[in-house]
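Examining the three-dimensional arrangement
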Amino acid sequence: MTIASDVAADLISTAHELADAARVATLSHFRRAGLSADNKDAARFDPVTVADRLSEERMREILARRRPEDGILGEEFGRVEGRSGLTWALDPIDGTRGYLSGTPTWGVLIAVSDADGPVYGLIDQPYIGERFEGGFGRAEVNGPLGRSALKARPARPLSEAIVFTTFPELGTQAEAAAFRKVAERARLVRYGMDCYAYALIAAGQIDLVIEAGLYAYDVQGPIAVIEAAGGIVTGWDGRPCPMGGRVLAAANPQIHAEALALLNA
């Protein structure tokens, strides 16, 4: 889908307005006494808070006003079909467990996609005041250290790499075993950063993020930002993964290929 420059400018402006509104909504409850969570999954703890719902509600209100023809896919309130060929993927708090714990590594994920996948995305961390954006010729971060370009790391061996995943158990036993094949060869493995790990790939700080069991709203923002910074994001089968699933995000094609071979060994 070809997107005209004036439409692209409006999509960028809309995305930033969404992120601004989500910052206010999420920070209004962050680290406040008495914050509780409902559990969305009987099999494991999958929390949702009043802040998750408020953040998505505020973003949907903006889209209803500014982009009523576009579709929406949000974590908390589901899908609204659109007529424009564009769909917004919204994760109002990616990392609600971290949010509940008071850590600053959760974030808000926003992406707009056409039929082929995300064309523009944001990873926003409200508490730090740091926003990563990618798409339409943009790849930059704006935060406490000012504004700078995003550029993923150049190739280096897996033995020198930094690898992230959110949960040590990483889905099924087979998926966890596949991850360990990569982790055992890396220089450093870290856990628990949620969407912020993907931002660190785009910022040139780390080399790989490997996860499983993700949804479209988990990955579309990170895909747009990482690809704009020169990185690569696919499924474990090497194919595009705009709908989530098993995800391999890499700083460059070389280390992506090395990790992919181990995941499928």
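Above this text is the structure in question.
Keep in mind the model is a prediction, meaning the values are calculated, not measured.

**Some words on the overall build of the chain**
- Regarding its fold elements, the chain presents seven helices and 15 strands.
- The C-alpha radius of gyration of the chain comes to 17 Å, within 12% of the 18 Å expected for a compact globule of 265 residues.
- Taking all 265 residues of the chain together, 54% fall into the buried category.
- Long-range pairs, those at least 24 residues apart, make up 61% of the contacts in the chain with a sequence separation of at least 6.
- Working note: accessible area of the chain is about 11,600 Å², and carbon and sulfur atoms make up 51% of it.

**Points about the state of the cysteines**
- Overall, the coordinates contain zero disulfides when judged by the stated rule.
- With no disulfide of its own, Cys-195 lies 16 Å from the sulfur of Cys-241, the closest cysteine sulfur.
- Cys-241 sits in the buried class, given a relative accessible area of 5%.

**Looking at the nonpolar core**
- Grouped together as the largest cluster of nonpolar side chains are 31 residues, with contacts concentrated most on Ile-123, Phe-132, Leu-150, Phe-164, Tyr-198, Ile-206 and Val-209.
- Put simply, the parts of the chain that give this core at least two residues each are β9 (138-143), β11 (162-165), α5 (195-202), β13 (208-215), α6 (216-228) and β15 (244-250).
- In terms of residues, this core owes the most to one element, α5, which gives eight residues.
- In this structure Ile-206 touches Arg-153, Ile-162, Phe-164, Ala-197, Leu-200, Ile-201 and Ala-251, once residues within four positions along its chain are discounted.
- Counting 22 residues, the second largest nonpolar core, distinct from the first, contains Leu-63, Leu-86, Val-108 and Val-112.

**Observations concerning the pattern of salt bridges**
- In the structure shown here, the tally under the stated rule is 17 salt bridges.
- Note that Arg-153 and Asp-207 form a salt bridge whose closest N and O atoms lie 3.2 Å from each other. Taken as a pair, Arg-153 in the loop between β10 (146-149) and β11 and Asp-207 in the loop between α5 and β13 lie far apart in primary sequence, 54 residues in all.
- With relative accessibility at 0%, the residue Asp-207 sits in the buried group.
- Where Asp-207 meets Arg-156, a salt bridge forms, and the shortest distance between an N and an O atom there is 2.8 Å.

**So, the sheet that holds strand β6 (residues 107-114)**
- Strand order in the open sheet formed by eight strands is β4-β3-β5-β6-β7-β8-β9-β10, with mixed pairing between adjacent strands. The sheet terminates laterally at β4 (78-80) and β10, the two strands that pair on one side only. Direction aside, the axes of adjacent strands within the sheet are offset by 15° on average.
- Bridging between β9 and β10 involves four bridges; their strand directions are antiparallel. Within β10, the position partnered with Gly-143 by the bridge is Gly-146.
- Where helix α2 (residues 50-66) meets the sheet, its contacts fall on β3 (71-74), β4, β5 (87-94) and β6, and the angle it forms with β5 comes to roughly 155°.

**Notes on the sheet that holds strand β12 (residues 188-191)**
- Taken in spatial order, the five strands line up as β12-β11-β13-β15-β14 in an open sheet, and their pairing is mixed. Only two strands of the sheet have a single partner each, and these edge strands are β12 and β14 (232-235). Adjacent strand axes in the sheet meet at a mean angle of 20°, parallel and antiparallel pairs treated alike.
- Sheet topology note: the β14/β15 ladder contains four bridges and is antiparallel. Across the sheet, residue Val-233 finds its bridge partner in β15, namely Ala-249.

About the criteria used
- Counting starts from 1 at the beginning of each chain's written sequence and moves along it residue by residue.
- Since the coordinates come from a predicted model, pLDDT governs what is reported: local features require at least 70, and pairs of side-chain atoms require 80 or more to be given and counted, while whole-chain, interface and lining totals use all residues.
- With hydrogens and water set aside, each side-chain value is computed from the structure's full complement of heavy atoms.
- Each helix is a run of H or I in the DSSP string that is no shorter than four residues. Each strand is a run of E no shorter than two, and both are numbered from the N terminus.
- C-alpha atoms define the radius of gyration, and 2.2 Å times the number of residues to the power 0.38 defines the globule rule.
- The buried label applies to any residue whose accessible area, calculated with a 1.4 Å probe on protein chains only, is under 20% of its type's maximum; exposed applies above 50%, and partly exposed to all values in between.
- It only takes one pair of heavy atoms within 4.5 Å for two residues to be counted as in contact.
- Areas reported here follow the Shrake-Rupley algorithm with a probe of radius 1.4 Å; residue values treat only the protein chains shown as occluding.
- By disulfide we mean two sulfur atoms from cysteines, separated by a distance within 2.5 Å.
- Put simply, a nonpolar core is a bunch of buried Ala, Val, Leu, Ile, Met, Phe, Trp, Tyr and Cys residues held in one set by side-chain atoms that sit within 4.5 Å of each other.
- Salt bridges are defined by distance alone: a side-chain nitrogen of Lys or Arg within 4 Å of a carboxyl oxygen of Asp or Glu.
- Here, strands pair whenever DSSP counts at least two bridges between them.
- For helices, the fitted line uses only the C-alpha atoms of the stretch in contact; every axis is such a line through C-alpha atoms, and the angle between N-to-C directions lies from 0 to 180 degrees.

All quantities given are derived from atomic positions and should not be read as evidence of function.
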